[in-house]
Amino acid sequence: MRIHLVDGTYELFRSFFGAPAKKAPDGREVGATLGLLNSLLSLLSKSGATHVACAFDHVIESFRNDLFPGYKTSTGVASDLLAQFPLAEEAVAALGVVVWPMVKFEADDALAAAATRFRSEPGVDQVVICSPDKDLAQLVSGTQVVCWDRRRGIVYDEAAVLAKFGVQPGSIPDWLALVGDAADGYPGLPGWGPKSATAVLSRYEHLESIPEDPGRWGLGRARALRLAASLRAHQEDVLLYRRLATLRRDVPLQESIRDLEWHGAQDRLKPLCSELGADKLPERVPRWRSASPAT
């Protein structure tokens, strides 16, 4: 059995910027929601997915904003996109897929908690996290928990994460703390970049294990001294950035693995699609819980 965990926020953003804009009969912009529905229909009909859940940032702000004022917010996000989050959650639930709308936590935290819990369930061969988000690479474990960039058709198992970042999945939060993540709003440390972080963490894995003597880092002396000075000057900052980058695995998700099994779309999807101006979309649904889409 494979569990597919979908990053609904990423999918909605991708659809908003990548799919054609579309107005519903009532004038609302709904293109991103329809793009998300089409993406999930493709997952359900073409990849053999049987157990699926989709997590959203119901509110973009989270507990991390209390830790760091510069952390990402909804400021600057297009109003036509923000307005579709509740609609997207409603549409995905009508499709019959479990929805996790996050408020205190983020969608990535829900995916982390689910991957951690379900990977050890009897009968689960693999957990597939459907997202290219680099934060989620920290969850990868061997070939049992993988990240799938569906747009590019790339699966990141542990070997692929190592090849891409130069560090093991467990070091990704430390790597992000040093390098920074512009999408999430924290800057990393001055002077540190991907190559420097990879060179040091590939040896020492975590920030606490980096020797105080930069001569042991395996870098050129002048470069190592500059990086060491930056690390000393920003020790509290880098630990905070790592906390921001570390996904929470204790999100209280109520659903069991049985709840994630997809039994088909619900009948309420039909009037919803009509409301969105997508009357033909139900014809593509491969399974319904009760009546056929024509009724």
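Please read these numbers as outputs of a predicted model, since none were measured by experiment. All residue numbers refer to positions counted from 1 along the written sequence of the respective chain. Whole-chain, interface and lining totals are the exception, using all residues; otherwise, since this is a predicted model, local features are given only for residues with pLDDT of at least 70 and side-chain atom pairs are given and counted only at 80 or more. Just so you know, side-chain values use all the structure's heavy atoms and leave hydrogens and water out.

Draft legend 1. Representation of empty space enclosed by the protein within the structure. The definitions used throughout rest on a 1 Å grid laid over the protein atoms alone, on which a cavity is an enclosed set of points accommodating a 1.4 Å probe that cannot get out and a pocket is an open set flanked by protein within 12 Å on both sides along at least five of seven lines; lining residues are those having an atom within 4 Å of a point. Grid points are joined across faces, edges and corners, and a volume is the space filled by probe spheres set on the points. Summed over the entire model, instances satisfying the criterion amount to two cavities of 30 Å³ or more. Reported here for the largest cavity is a volume of approximately 70 Å³. Around the largest cavity sit Ser 131, Pro 132, Asp 133, Lys 134, Ala 137, Val 140, Cys 147, Tyr 156, Val 161, Lys 164 and Phe 165, which together line it. For the lining of the largest cavity, the class distribution of residues is seven nonpolar, one polar and three charged. For this classification, Asp, Glu, Lys and Arg are treated as charged, while Ala, Val, Leu, Ile, Met, Phe, Trp, Tyr, Cys and Pro are nonpolar and the rest, including Gly, are polar.

Draft legend 2. Summary view of the pattern of salt bridges. Here a salt bridge means any side-chain nitrogen of Lys or Arg lying within 4 Å of a carboxyl oxygen belonging to Asp or Glu. With the rule as written, the count across this model stands at 14 salt bridges. Its salt-bridge partner being Asp 250, residue Arg 248 comes within 2.9 Å of it at the nearest N-O pair. For Lys 270, the salt bridge is made with Asp 267, and the minimal N-O distance between the two is 2.8 Å. For every residue, the accessible area obtained with a 1.4 Å probe (protein chains only) is divided by the maximum for its type, and the residue is called buried under 20%, exposed over 50%, and partly exposed between those limits. When its relative accessible area of 14% is taken as the criterion, Lys 270 is described as buried. Relative accessible area serves as the criterion here: at 31%, Asp 267 is assigned to the partly exposed category.

Draft legend 3. View of the packing of helix 1 (residues 8-18) against helix 5 (residues 84-94). Angles run from 0 to 180 degrees between N-to-C directions of axes, and those axes are lines fitted to C-alpha atoms, restricted for helices to the stretch in contact. Only DSSP runs of H or I with at least four residues qualify as helices, and only runs of E with at least two residues qualify as strands; both kinds are numbered from the N terminus onward. One can describe the packing of helix 1 onto helix 5 by two numbers: an axis separation of 11 Å at closest approach and a directional angle of 115°. Between helix 1 and helix 5, the interaxial angle falls into the category roughly perpendicular. For the element pair helix 1 and helix 5, the recorded crossing hand is right-handed. Where helix 1 approaches helix 5, its residues Thr 9, Leu 12, Phe 13 and Phe 16 are matched on the opposing element by Gln 84, Phe 85 and Ala 88. Among the residues forming the contact of helix 1 with helix 5, the class breakdown is five nonpolar, two polar and no charged. Oblique is the label for every angle not falling under 35 degrees (roughly parallel), over 145 degrees (roughly antiparallel), or within 65 to 115 degrees (roughly perpendicular). Take the far helix as the reference: if the near one is turned anticlockwise from it by less than a right angle, the crossing is left-handed, and if turned clockwise, right-handed. Residues are treated as being in contact if the distance between any of their heavy atoms lies within 4.5 Å.

Draft legend 4. Structural detail: the packing of helix 1 against helix 2 (residues 31-46). Close contact between helix 1 and helix 2 brings their axes to 8 Å; oriented N to C, the two are set at 120°. Classed by the angle they form, the pair helix 1 and helix 2 counts as oblique. In the crossing of helix 1 with helix 2, the sense of the turn from one axis to the other is right-handed. When helix 1 is examined against helix 2, the residues Glu 11, Leu 12, Arg 14, Ser 15 and Phe 16 are found in contact with a partner set consisting of Ala 32, Thr 33, Gly 35, Leu 36 and Ser 39. Across the contact of helix 1 with helix 2, the residue classes tally to four nonpolar, four polar and two charged.

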